[in-house]
There are 2 protein chains.
Amino acid sequence: MAKPPVRLKDIAEATGFSANTVSLALRGSPRLPVETRERVLEVAERLNYFPNHVARSLVSGATRTIGLLMTDIMNPTLTLAARTIERELSRAGYGMMFAASDASVESEKRAIGLFLSYRVDGMLIYPASHNTYAHISAVADAGIPVLMLVELPGSGFDTVAIDDRAGAFKAVSHLCKAGHRHIAMLDGGKAHGNLDKMKGAQKAIRAARLPKGALSLFEPGGHSLADGSAIMAEVMATDPRPTALFASTDSLAIGALHWCRENGVSVPRDLAVIGYDNTEMAAYGASPLSTVNYAADEISRLGVDRILRRIAQREDAADPETTLIEPDLIIRGTT
Amino acid sequence: MAKPPVRLKDIAEATGFSANTVSLALRGSPRLPVETRERVLEVAERLNYFPNHVARSLVSGATRTIGLLMTDIMNPTLTLAARTIERELSRAGYGMMFAASDASVESEKRAIGLFLSYRVDGMLIYPASHNTYAHISAVADAGIPVLMLVELPGSGFDTVAIDDRAGAFKAVSHLCKAGHRHIAMLDGGKAHGNLDKMKGAQKAIRAARLPKGALSLFEPGGHSLADGSAIMAEVMATDPRPTALFASTDSLAIGALHWCRENGVSVPRDLAVIGYDNTEMAAYGASPLSTVNYAADEISRLGVDRILRRIAQREDAADPETTLIEPDLIIRGTT
DNA sequence: CTGAAAGCGCTAACAT
DNA sequence: ATGTTAGCGCTTTCAG
């Protein structure tokens, strides 16, 4: 097998035209008679011609490919985003390269290097770290459009992301309004310099004119289900015992729910629970969890729009723009 | 910004060598004095040079990119496979393009066209249909290595996939051995020409020397959680009433579990349940469901190995090889 | 209306 | 030990 692929030249020979004419015909140039074009198209079809995108990219300087770089695609929220991004890109006639950083800055660097070699026209990045991003800035500075899927204040990146502060504010405000006076929050984000959710929660407490102590912060070791479960003993042993829980992550919340079930704590009677970023169960239409809903779809659509726009306006580096999507609060069985 | 990227020529000018020498140096040719090489590397580093993979591909005829085409990345099983595949490829220095077909043959064709234009070195495909794959055969016939992640008997593709027959056999055998004499099976695969699970289940019945009627087949409208839930009334109304359930899909099984909980059917006391392809909850370490476990990791690793091997042995079209992975049976709370 | 020539950035064969 | 030349498949001037 292994036939060499059909080239422009092959069509040229088969039709008697020159490669140039064939090229024009295939791209539907108006300055060619319909007759010629049809003849060429027909032969191209018959020969099963596919334009060599590689060669085309070399001359045009654009690959019509964007790179998507994420920490971990196993996070259902990111999976959903990845899917939507791919869809939107493909609709726009763009290809997508994918790489995962596993939340390691080193891997992230490697992946970016890969994308750079492959000459992607732009990158969508869900970064490994909130602090270390000089390597990403370098890309943007080199004039390659980069769009961040997370807000990194002061970083100067184009951004389309969730407004975590607003989300946390909504969630905790809801709890306050429901009469809760002792609210526990599970958030390991501090270690990564991600204070938004905490800030939003605190603001809600202030807005409700509750004392600062109405919100107590707990930092699980990670953001896995097991971590959420593990810290609950500590949470429920606190005096005064919290009557509501706000978890900065869906899996933490689910872990907490598990602990409650196993320890005879009735949710939401004894403990109201609100999670965050809920997608996992929601994808199955089965989540019993109240959540701040990560708007992956909207972010993805806006993100793709924006980066394609940036690519189009190649000329100058317009000022970076940050769009924050305010997430909806979805109240289900646990509140 | 938008500086034009650094080329070989730029380094050549900066060092006084020719582009050729620079190229050789960067690729560590042994026929260059170490001195020269170091000088070149240093300048390349300083200038922040990245090889233009596009140009390199044009001359080498290989893009060191493979295309991954799946029906839907939101299926956690496939997500996991995608992640592992990306990892393995990146370890091997390959880039990955991703596209989703949404189980539509038309989209699949479009995506394949895209991959073809981009001149991927090979494709990993989880196909949209078990019947319609002429467009994929065409790719393989054109000499582009294709590896199928699903077994399509008689299709002549290189394949690394789950042995669904063995999986179903294991599951139903387990139920038979546990003394069940009336087993219901949920499987909508017949419509797609996917009979393996059914065949395996029937074989298990025969092997257990039970009458054919010991297994009754139910066909849900789809494979969603809701579909699984919806069909349970019918299942449990059957006479004699089944004491065990084998669902061909994880979501069907979970849907069934929901129905049981809402209808006072105690699992596993009144009904033993085994699902299939379990990854969703398992990813959270929290599945209560007994399952036939899709070995996404193993499949991915073997699949990548195989396609890279095929690419390496470019020369001839060796006979297609089919590797079937026998899935493990994981017994949890529901059995 | 169509063809010939040049060149995108790189590598491979062939000089020097 | 290094430089020159040609060419990968395509698009883009520029001629005819």
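Residues numbered from 1 in each chain as written. Chains lettered and ligands numbered in written order. Predicted model: local features only at pLDDT ≥ 70, side-chain atom pairs only at ≥ 80, totals over all residues. Heavy atoms only, no water.

Time to look at helix 8 (residues 164–177) of chain B. Here helix 8 of chain B spans 20 Å end to end across 14 residues, near enough to the 20 Å set by a 1.5 Å rise per residue. Downstream of helix 8 of chain B by one or two residues, Gly179(B) has phi in the positive range, about 100 degrees. (Helix = DSSP H or I, 4+ residues; strand = E, 2+ residues; numbered from the N terminus. Expected span 1.5 Å × (residues − 1).)

Lining the immediate environment of DNA strand C, one finds 22 residues, of which Asn20(A), Thr21(A), Leu8(B), Ser23(B) and Tyr49(B) sit closest. Put simply, 67% of the atoms of DNA strand C that lie within 4 Å of the protein are in sugar or phosphate. Element by element, the count of residues in the surface near DNA strand C is highest for helix 4 (residues 53–60) of chain B, at three residues. Its residues assigned to classes, the surface near DNA strand C shows nine nonpolar, eight polar and five charged. (Near = heavy atom within 4 Å. Nonpolar A, V, L, I, M, F, W, Y, C, P; charged D, E, K, R; others polar.)

Its rotation angle being 180 degrees, the transformation that places chain B on chain A also includes 0.0 Å of axial translation and leaves an RMSD of 0.1 Å. Taken together, the turn and the small shift mark the pair as related by a two-fold rotation axis. No C-alpha of chain B lies nearer the rotation axis than that of Met97(B), which sits 2.1 Å from it. Looking at chain B, 98% of its interface residues are interface residues in chain A too, so the copies touch through the same face. (Least-squares fit on C-alpha atoms with pLDDT ≥ 70 in both. Contact = heavy atoms within 4.5 Å.)

Here we come to the interface of chain B and chain A. Listed by partner, the interface residues are 53 residues for chain B and 53 residues for chain A. Across the chain B/chain A interface, buried area totals approximately 4700 Å², and carbon plus sulfur atoms make up 64% of it. Note that Asp72(A) and Arg83(B) form a salt bridge whose closest N and O atoms lie 3.8 Å from each other. Between chain B and chain A we count 18 residue pairs in polar contact (both at pLDDT 80 or more) in total. (Buried area = accessible area lost by both parts, 1.4 Å probe. Salt bridge = Lys/Arg side-chain N within 4 Å of Asp/Glu carboxyl O. Polar contact = N/O pair within 3.5 Å; in protein donor to acceptor, adjacent residues only side chain to side chain.)

Side chains that carry opposite charge are capable of pairing whenever their charged atoms lie near each other. All chains considered together, the criterion is met by 23 salt bridges over all chains. One salt bridge in this structure joins Asp102(B) and Arg87(A), with 3.0 Å as the shortest N-O distance. Highlighted residues: Asp102(B) in the loop between strand 2 (95–100) and helix 6 (105–117) and Arg87(A) in helix 5 (residues 76–91), drawn from two different chains. Judged by its relative accessible area of 34%, Asp102(B) is partly exposed. You can call Arg87(A) partly exposed: its relative accessible area is 34%. Between Arg310(A) and Glu321(A) there is a salt bridge, and its shortest N-O distance comes to 3.9 Å. Of this pair, Arg310(A) sits in helix 12 (residues 296–312) while Glu321(A) sits in the loop between helix 12 and strand 11 (322–325), placing them 11 residues apart in sequence. The buried category is assigned to Arg310(A), whose relative accessible area is 11%. Salt bridges sharing common partners tie together Asp158(A), Arg306(A), Arg310(A) and Glu321(A). (Buried < 20%, exposed > 50% of the residue type's maximum accessible area, 1.4 Å probe, protein only.)

In the vicinity of DNA strand D there are 21 residues, among which Leu8(A), Ser23(A), Tyr49(A), Ser18(B) and Asn20(B) approach most closely. Asn20(B) places a polar side-chain atom, nitrogen or oxygen, 2.2 Å from a base oxygen of DNA strand D. Contact between DNA strand D and Thr36(B): a phosphate oxygen at 2.9 Å from a side-chain N or O atom of the residue. Sorting the residues of the surface near DNA strand D by element identifies helix 2 (19–26) and helix 4 (53–60) of chain A together with helix 2 (19–26) and helix 4 of chain B as the ones contributing at least two each. Top contributing element to the surface near DNA strand D by residue count: helix 4 of chain A, with three residues.

All right, on to the packing of helix 5 of chain A against helix 12 of chain A then. Residue and element names in this part refer to chain A. Packing of helix 5 against helix 12 leaves a shortest axis separation of 8 Å and a crossing angle of 40 degrees. Considering their axes alone, helix 5 and helix 12 lie oblique with respect to each other. Judged by the twist between their axes, the crossing of helix 5 over helix 12 is right-handed. Each of Thr77, Leu80, Ala81, Thr84, Ile85, Glu88 and Leu89 in helix 5 lies in contact with helix 12, whose residues at this interface are Ala296, Asp297, Ser300, Arg301, Val304 and Leu308. Grouping the amino acids of the contact of helix 5 with helix 12 by side-chain chemistry returns seven nonpolar, three polar and three charged. (Axes fitted to C-alpha atoms, helices over the stretch in contact; angles between N-to-C directions. Parallel < 35°, antiparallel > 145°, perpendicular 65-115°, else oblique. Left-handed = near helix turned anticlockwise from the far one by under 90°.)

Residues and elements named next belong to chain A. Looking at the assigned domains, one finds that chain A contains domain 1 (8–51), domain 2 (63–162 + 296–327) and domain 3 (164–292). When each unit is reduced to the centre of its C-alpha atoms, the spacing between domain 2 and domain 3 is 29 Å. If you look at the interface, domain 2 gives nine residues, while domain 3 gives 13 residues. Between domain 2 and domain 3 lies a buried interface of about 890 Å² when both sides are counted; carbon and sulfur atoms form 54% of it. Where domain 2 touches domain 3, the interface holds one salt bridge. Across the pair Lys170 and Glu326 runs a salt bridge whose closest N-O atoms are separated by 3.5 Å. In this assembly, domain 2 and domain 3 are joined by two residue pairs in polar contact (both at pLDDT 80 or more). Ranked by the residues each element gives to the side of domain 2 that touches domain 3, the list is headed by helix 5, at three residues. Residues of the side of domain 2 that touches domain 3, tallied by class, amount to four nonpolar, three polar and two charged. (Domains from an automatic or database assignment.)

Residues and elements named next belong to chain B. For strand 5 (residues 158–162), the buried fraction is high: five of the five residues fall into the buried class. The sheet contact formed by strand 4 (residues 146–148) and strand 5 spans two bridges and is parallel. Paired with Leu147 across the strands is Asp158, a residue of strand 5. As defined by bridge partners, strand 5 adjoins strand 11 (residues 322–325) across four bridges and the pair is classed as parallel. Across the sheet, the residue bridging to Thr159 is Thr322, located in strand 11. (Pairing = 2+ DSSP bridges.)

Okay, the packing of aromatic side chains next. Residue and element names in this part refer to chain B. Applying the stated criterion across every chain yields a total of four aromatic pairs over all chains. Ring geometry for Tyr133 and Phe157: centres 5.8 Å apart, planes at 75 degrees, overall edge-to-face. On the criterion of sequence distance, the pair formed by Tyr133 in the loop between strand 3 (122–125) and helix 7 (134–141) and Phe157 in the loop between strand 4 and strand 5 is long-range, its members being 24 residues apart. Owing to a relative accessible area of 18%, Tyr133 belongs among the buried residues under this scheme. According to the relative accessible area criterion, Phe157 is buried, its value standing at 3%. Note that Lys197 overlies the ring of Tyr276, its terminal NZ or CZ placed 4.2 Å from the centroid. (Phe/Tyr/Trp six-rings, centres within 6.5 Å; stacked < 30°, edge-to-face > 60°. Lys NZ or Arg CZ within 6 Å of the ring centre and 35° of its normal.)

Residue and element names in this part refer to chain A. Read from one edge to the other, the open sheet built from six strands follows the order 7-6-8-9-10-12, with strand pairing classed as mixed. Edge positions in the sheet fall to strand 7 (215–218) and strand 12 (328–330), since each of these pairs with one other strand and no more. Going from strand to strand, the sheet's axes swing by 20 degrees on average, the running direction of each strand aside. In terms of strand pairing, strand 6 (residues 183–186) meets strand 8 (residues 244–247) through four bridges, oriented parallel. Looking at strand 8, one finds that Ala184 is bridged to Leu245. Along the sheet, helix 11 (residues 250–262) contacts strand 6, strand 8, strand 9 (272–276) and strand 10 (290–293); its crossing angle with strand 9, the most-contacted strand, is approximately 150 degrees.

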